Amino acid sequence: MTYRDILQVATEKLTEAGIDNPAGEAWYFFEDAFAMSRLDYMMDQLMENTKEEATEKFHNYIEKRITTRMPMQYILGTQDFMGLTFQVNPSVLIPRMDTEVLVEEIINTVPDAKTILDMCTGSGCIAISLAEFLHPEVCIGADLSKDALNTAISNGKTLAPMVSFIESDLFSEINGEFDLIVSNPPYIASAECDVLMPEVKDHEPRMALDGHEDGLYFYRKIVDQAREHLTKGGWLFFEIGYDQGESVPKLMREAGYTDITVKKDLAGLDRVVYGRYE
């Protein structure tokens, strides 16, 4: 079989299994297994494949994706975010493009933030990206999950060694004040977690998804507790669910935050909420 045949068969299998973006996933698996760039593939796609080890690796990727519904990113172990490549595994949420909207809004709104806290840091993608783009004096990522923190620490060593990571139940171990506090907390209502697509429900960490009964539990806690850890006029930024563009701003207004703004994602859905605390 030619390289093109191998890729086409894999795409068809992923399509039949109901995988979203089958052609894209087939390519990423192919690229990794065969260590072949897009340009090399375009030049060599009609050549007969003689790479047995790479072929077996590729077939194993496809089989695992279909039979377990494990997300492609966990199978490959990486995900790109803000132009950086992060290690990912089932102890952390997979960084998503929606969260890039959050990071970009922070960069545009608070470019001079010198002290940054990323609450519920997970893979560390937000804290590390902000450190890379804003070069703050202090940048801390906090999470309750030891496994998530191990992943974040590993990403930090590779991408942004200046970022510190702390095990903390929200603000329990946090000292000091920050110009910017950002969080992408668990925000899915508990009942909804049980009906998510299998890639999410069966593989991504429940504690990073479940926002308790109404999905607002962690917003309430962070909105309240962040006030003690923000500098005067400091900013609090959240990623939110598509249906939380009214409820989260309401929590912030009631807690005394001002200049509250809601930002939509590329799909036109409410995705980011932020405000200041005087």
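Our structure's up above, just so we're on the same page.
Not measured: the values here are computed from a predicted model. (Residues numbered from 1 in each chain as written. Predicted model: local features only at pLDDT ≥ 70, side-chain atom pairs only at ≥ 80, totals over all residues. Heavy atoms only, no water.)

Attention shifts here to the environment of V272. By secondary structure assignment, the location of V272 is in strand β9 (residues 270-277). Through-space distance from the C-alpha of V272 to that of T99 is 8.6 Å; in sequence the pair is 173 residues apart. V272 has contacts with V101, L102, F237, F238, I240, T261, V262 and K263, leaving out every residue within four places of it along the chain. (Helix = DSSP H or I, 4+ residues; strand = E, 2+ residues; numbered from the N terminus. Contact = heavy atoms within 4.5 Å.)

What follows concerns the environment of E137. Turning to its location among the elements, E137 is positioned in the loop between α7 (125-134) and β4 (138-143). The sequence separation of E137 and H203 amounts to 66 residues, and the corresponding C-alpha distance is 36 Å. The residues touching E137, leaving out its near neighbours within four places in the chain, are K114 and M162.

Listed as buried for helix α11 (residues 217-226) are F218, Y219, I222, V223 and A226. Taken down its axis, α11 places every buried residue within 130° of arc, on the same side. Looking at the packing, one finds that the buried side of α11 touches β3 (115-119), β6 (178-183), β7 (230-239) and α12 (247-254). (Buried < 20%, exposed > 50% of the residue type's maximum accessible area, 1.4 Å probe, protein only. Arc of directions from axis to C-beta.)

Bringing α7 into the picture now. Counted residue by residue, α7 has eight buried out of ten residues, so it is predominantly covered. Residues C125, I126, A127, I128, S129, L130, A131 and L134 constitute the buried set of α7. Positive backbone phi, at 50°, marks H135, one or two positions downstream of α7.

Turning next to the side chain of T115. Examined against the element boundaries, T115 turns out to sit in strand β3. Of the polar contacts made by the side chain of T115, one reaches the backbone nitrogen of D179; its length is 2.8 Å. When residues no more than four places from it in sequence are discounted, the contact partners of T115 are V138, E177, F178, D179 and L180. (Polar contact = N/O pair within 3.5 Å; in protein donor to acceptor, adjacent residues only side chain to side chain.)

This part takes up the nonpolar core. Counting 32 residues, the largest nonpolar core has I106, I128, L130, V163, L180 and F237 as its most contacted members. The set of elements that each furnish at least two residues to this core consists of β2 (84-87), α6 (97-109), α7, α8 (146-159), β6, β7 and β9. For I128, the residues in contact, after removing those within four places along its chain, are L84, F86, S123, A152, N155, G156, L159, A160, V163 and F165. (Core = buried A, V, L, I, M, F, W, Y, C linked by side-chain atoms within 4.5 Å.)

Here β7 lies mainly inside the structure; nine of its ten residues are buried. One ladder, built from five bridges, connects β6 with β7; its direction is parallel. Bridged to L180 within β7 is W235. Relative to β9, β7 runs antiparallel, the two being bridged by six bridges. When the bridges of β9 are listed, G234 appears paired with Y277. (Pairing = 2+ DSSP bridges.)

A separate point is the sheet that holds β7. Pairing within the open sheet is mixed, and its seven strands lie in the order β5-β4-β3-β6-β7-β9-β8. The sheet is open, and its two edges are formed by β5 (164-167) and β8 (258-264), each paired on a single side. Sheet twist, expressed as the mean angle between neighbouring strand axes with direction ignored, is 15°. Across the sheet, α7 is in contact with β3, β4, β5 and β6; its angle to β3 comes to roughly 160°. Packing of α12 onto the sheet brings it into contact with β7, β8 and β9, and relative to β9 it is tilted by some 5°. (Axes fitted to C-alpha atoms, helices over the stretch in contact; angles between N-to-C directions.)

Moving on to the side chain of E25. Note on placement: E25 falls in helix α2 (residues 22-34). Not counting residues within four places of it along the chain, the set of residues in contact with E25 comprises L14, I19, D20, R65 and M72.

For the rest of this paragraph, the subject is the packing of aromatic side chains. A complete count under the given rule lists 16 aromatic pairs for this structure. On the basis of an interplanar angle of 25° and a centroid distance of 4.4 Å, the ring pair of F30 and F34 is categorised as stacked. In this pair, F30 and F34 both sit in helix α2, four residues apart, roughly one turn of the helix. Of the two residues, F30 and F34, neither departs from the other in class, the shared state being buried. When the ring of W235 is compared with that of Y274, the centres are 5.8 Å apart and the planes differ by 55°; the resulting orientation is tilted. (Phe/Tyr/Trp six-rings, centres within 6.5 Å; stacked < 30°, edge-to-face > 60°.)

Let's shift gears to the pattern of salt bridges. Here the structure, examined in full by the defined rule, presents 16 salt bridges. As a salt-bridge pair, K146 and E167 come within 3.0 Å of each other at their nearest N and O atoms. One end of the pair, K146, is in helix α8; the other, E167, is in strand β5, with 21 residues separating them in the sequence. Overall, the relative accessible area of 55% leaves K146 in the exposed class. Residue R227 pairs with D224 through a salt bridge whose shortest N-O separation is 2.5 Å. For R227, a relative accessible area of 28% corresponds to the partly exposed category. Each of the salt bridges in this network shares a partner with another, and the network as a whole consists of E25, R65, R69 and E199. (Salt bridge = Lys/Arg side-chain N within 4 Å of Asp/Glu carboxyl O.)

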